[in-house]
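Analysis of the macromolecular model
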Amino acid sequence: MTYIAKPRLGSEALPRNAAGFTRRDYEGRVSTLCAGCGHDSISAAIVQACYELDIEPHRVAKMSGIGCSSKTPDYFLGASHGFNSVHGRMPSVATGAALANRDLTYLGVSGDGDSASIGIGQFAHAMRRGVNLTYIVENNGVYGLTKGQFSATADKGSKSKKGVLNADSPIDLVALALQLGATYVARSFSGDKEQLVPLIKGALRHKGPAFIDVLSPCVTFNNHAGSTKSYDYVREHNEAVNRVEVVLQRHAIETSYAPGELRRVVQHDGSMLLLRKLGQDYDPTDRIGAMNHLHEHAALGEIVTGLLYVDEHADDLHKHLNTVEAPLNTLTDEALCPGNEVLQALNATLR
Amino acid sequence: MDSMTVPAITAVNDFVVKFANVNGSGSASANEMFARAIVRMGVPVSPRNIFPSNIQGMPTWYEVRVSEKGWLGRRGGCDLMVALNAQTWDADVAEIEPGGYLFYDSTRPLKGKLREDINVIGVPLTAICTREFTDPNQRRLFKNIMYVGALAGLLDMEFEVVEGLIAQQYRGKTQLIDGNRAAARIGYDHTRTHFAGKIGLKIRRSDAVGDRIVIDGNAAAGLGAVYGGATVAAWYPITPSTSVVEAFTTYCRKYRTCPESGAARYAIVQAEDELASIGMVLGASWNGARAFTATSGPGISLMQEFLGLSYFAEVPSVIIDVQRGGPSTGMPTKTQQSDLLLCAYASHGDTRHVLLFPEDPHECFTMTAQAFDLAERLQTPVFLMTDLDIGMNERLSQPFAWDDARAYDRGKVLTAEDLDAGKSFGRYEDVDGDGIPWRTIPGTHPAKGAFFTRGTSRNAQARYSELGEDYVYNMERLRTKFETAKTLVPPPVAQPALQPTRLGVIHFGSTSPAMAEALDILAADGIYLDALRVRAFPFNAEVEAFVDAHDFVFVVEQNESGQLRTLLVNECEFDPKKLVKVLHYDGSPITARFIAGAISEAMNSPRLRPLIPTKG
Ligand SMILES: Cc1ncc(C[n+]2csc(CCOP(=O)(O)OP(=O)(O)O)c2C)c(N)n1
Ligand code: SF4
Ligand SMILES: [Mg+2]
């Protein structure tokens, strides 16, 4: 089928952000996903986050693999280039793209099958390699697009729509991301926009691999009783560690919180993450602590959400490779080709 | 040198020396120095490594063919065996041509009876080293340079040439120069004293090398990628391709470091596997950088799905395939040309890819650089189909040259100015009639030119579409594009026979030097063949005309099934009966002797015999 473009009626009257864009300018084509699919809420959160961050849409590159989730880049940021690649291989394509042009913002969208099953290798290596990428997994515990088979994030003992019990242990991508060196790690829920939008904003402003696992129920194949990825189940078991607010300038600091309630994390680009504690003490700059917290609460059957870890001093693959400031795709022939004189000198050493 | 049953071989600048060594014993650089010394005396050589898939302890051989006439293919046979590996002794001795020579370390006396039809030259290398040096390391290592000196003495070579190479190799390390020079001199003096006039093989100074250079194909390909403007390389180690990216790295450090900041104008990533390598290449190319990967057959097998995406989504990519023996892990350290079909039709669905066939390091350089232009012009994968024989052996090649007036062909890319000037943009629209659509690079324009790249079918505006007519439009356009490719790829090189003939021969890649020599051998036997060296797939009109112009065409290949022939039959619809297979696939580089033998034999078949002109 062919998609219909959304009517752009009335956009003149809509408010504009500092970059001069309306919220509409961050939208894409009309979604073809099932009504109520969690993935659509995540697309909406991405639109909101980009709008609030005053990002120029064309300076974002959207990358994805294959799956219902991986289709979504067509449904947001219509003015951005997108690359819907092959199943489980978004990370490598995003890595190559990021190498070619360090100046764009890279947003990768994947599914739990795409990242935890077929693509777990590429997921792991993109994290450990330090690709400057916001990597969102829209996690529904099943393969939506191939009609509801369990994925590798399905919990042991969870029941499929057809009544089959999953006997395999789940892969927790957040735990992996923490262990593999991701420098911004969060978990959220597609049904909690308040939590999700700032987490995406923080990730987009983060320099280095930023990973967000977003529980995103599949209404068609995994939203029944007995599923641990249904709207009801996630709501009931959600244990948020903090609430995040992203402040673009250093000086604009929130003062409406009691001392000790707020924690500030300044990111590489000068933007500030304001973290409001919820309940117990949680230090989001302690990687080991984050891993322990995650495992302890998982054992209690809780789904830990929030900004679980951030490294204020993160850097990325370009830093490791010591590449030039100018994007590699802008280098001129002169900067790239050593020319004939050099070649003749080289010939002389080969005789 | 005792009783001889056959006359000793005598030859000047035309023989084969073979070194039998233990892998990891430090002999490799000594052997290379020996070959290089002959080149420095103006005599063409073609050295070849014969090595196992192993790091230390296993046997390796290094074969140096010396040929005043300049035949650079492998000859086969061995006139002088430098037998330094006890493990392979029997087989090495057996391989010597009757009347040939055996050189060995005579520190320990020979046990048992040797062949009587060979000449034995014993030099007590170990004993001399023990006597002359005290450091155990020196005793071990100087043995290598000592046999180089000994061989130089034996073959009447100029010692100054060896000296010069030692000085060059250890430049700035006086102690090493002195030690190596002394060891070489001892070997040289020893054979001059003991074997003067007793051996019939000689190197005589000549001017047959000209201005040619010595380099291996992988290094040349790495250099070609630098000159071709590649900025992103993603790879996974695999023999025999590994040294391509190693060379690219070395040359980038040298030529692509920003003089002001010291930062890199390139990015090289050792990926987790070949799937990731090609994925990175696609991501980088999609984003407007020139990117490539280097691999061998098993890596190409893993890349299949992405290659289909590269073809169908029309994202440029350059893949260097240094072929080795397959299938499966096959013969990882042996040479073959057996990935043609794998690459030509890589991936599921109807795909066809551009292949380039370099004959030697020189063409590895030029074709790698050209591959980037072709990939961007055609927006498709381009394969450089080299092999272990070219890639991992130093080869005498034409010197490199670069036209400084040449600009990279970045293909059909719309800029922000083009878009502002109102140029219409339909990502998959054939506006020029050559099948090649225009593309935009991400980040180009705030309002125009963005599109969604996908592997699913789509219409000319890059919108998802399952309509049959949209799909067919794209597939037909891709077909047109492939026709356009025929006009852009390097044309074949023809070598007409000295006499008119109705017979032809087609060959490609590393077969080239052996083929040239085989034509010479066959002509001397009165068998004349027009030869055509195919340099690319798709085949252009000249290839078709060549086959049409001959009654029979031999197709010489280094694989088991005749893969180029399959492509010729499939793509050009030639009568298969016209195309006669000449196949060599035991993993060793093809020889002129083999080709000439196979063709002569075929000429005796009732089908072909009438085509041999009767003499006189
Ligand atoms: C190589 C390959 N194998 C299998 C498929 C079929 N396939 C398409 S999507 C998908 C699973 C997607 O699951 P997930 O990533 O969780 O996405 P969701 O649809 O749940 O959002 C599979 C198995 C494919 N496209 N490619
Ligand atoms: S099948 Fe599930 S994941 Fe796919 S669109 Fe429908 S609800 Fe969403
Ligand atoms: Mg899923």
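Since the structure is predicted, the reported quantities are computational estimates derived from the model, not experimental observations. (Residues numbered from 1 in each chain as written. Chains lettered and ligands numbered in written order. Predicted model: local features only at pLDDT ≥ 70, side-chain atom pairs only at ≥ 80, totals over all residues. Heavy atoms only, no water.)

**Observations concerning the site of ligand 1**
Near ligand 1 there are 18 residues, and of these C68(A), S69(A), G113(A), D114(A) and G144(A) occur at the shortest range. Neighbouring residues of ligand 1 are distributed over chains A and B. Here an oxygen atom of ligand 1 sits 2.7 Å away from a polar atom, N or O, in the side chain of S69(A). Between ligand 1 and L145(A), the relevant distance is 3.0 Å, taken from an oxygen atom to a main-chain nitrogen or oxygen of the residue. For the shell around ligand 1, the elements supplying multiple residues, two or more each, are α2 (68–71), α4 (112–117) and β5 (142–143) of chain A. Broken down by element, the residue count for the shell around ligand 1 peaks at three residues, all from α4(A). Residue composition of the shell around ligand 1, by class: six nonpolar, nine polar and three charged. (Near = heavy atom within 4 Å. Polar contact = N/O pair within 3.5 Å; in protein donor to acceptor, adjacent residues only side chain to side chain. Helix = DSSP H or I, 4+ residues; strand = E, 2+ residues; numbered from the N terminus. Nonpolar A, V, L, I, M, F, W, Y, C, P; charged D, E, K, R; others polar.)

**Comments concerning the interface of chain A and chain B**
Of the residues lining the interface, 58 residues belong to chain A; the matching set on chain B comes to 72 residues. Connecting chain A to chain B are two salt bridges. On the surface where chain A and chain B come into contact, there are 27 residue pairs in polar contact (both at pLDDT 80 or more). Taken together, the elements giving at least two residues each to the side of chain A that touches chain B come down to β1 (60–64), β2 (81–84), α3 (90–100), α5 (120–129), α11 (333–336) and α12 (339–349) of chain A. Residue contributions to the side of chain A that touches chain B peak at eight residues, all from α12(A). Residue composition of the side of chain A that touches chain B, by class: 26 nonpolar, 24 polar and eight charged. Direction of pairing for β2(A) relative to strand β17 (residues 452–454) of chain B: parallel, over a ladder of three bridges. Across the sheet, N84(A) pairs through a bridge with R454(B), a residue of β17(B). (Contact = heavy atoms within 4.5 Å. Salt bridge = Lys/Arg side-chain N within 4 Å of Asp/Glu carboxyl O. Pairing = 2+ DSSP bridges.)

**What about the domain arrangement of chain B?**
All names here are of chain B. Along its sequence, chain B is carved into domain 1 (11–202), domain 2 (215–397), domain 3 (416–488) and domain 4 (493–611). Relative placement of domain 2 and domain 3: their C-alpha centres are 25 Å apart. Listed by partner, the interface residues are 22 residues for domain 2 and 24 residues for domain 3. Across the contact surface, domain 2 and domain 3 share four salt bridges. Here R439 makes a salt bridge to E376, at a shortest N to O gap of 3.5 Å. Across the contact surface, domain 2 and domain 3 share 13 residue pairs in polar contact (both at pLDDT 80 or more). Contributions of two or more residues to the side of domain 2 that touches domain 3 are made by α9 (274–286), α11 (304–312) and α13 (361–378). If one sorts the elements of the side of domain 2 that touches domain 3 by residue count, α13 sits on top with five residues. Along the lines of polarity and charge, the residues of the side of domain 2 that touches domain 3 split into 10 nonpolar, seven polar and five charged. (Domains from an automatic or database assignment.)

**Section: the coordination of the magnesium ion (ligand 3)**
Residue and element names in this part refer to chain A. Distances from the magnesium ion (ligand 3) to its protein donors, D112 (OD), N140 (OD1) and V142 (O), fall within 2.1 Å. In terms of primary sequence, the donors binding the magnesium ion (ligand 3) are separated according to D-x27-N-x1-V. Here N140 matches V142 in class, with each residue buried. (Donors = N, O, S within 2.8 Å, 3.2 Å for Na, K, Ca; no water. Buried < 20%, exposed > 50% of the residue type's maximum accessible area, 1.4 Å probe, protein only.)

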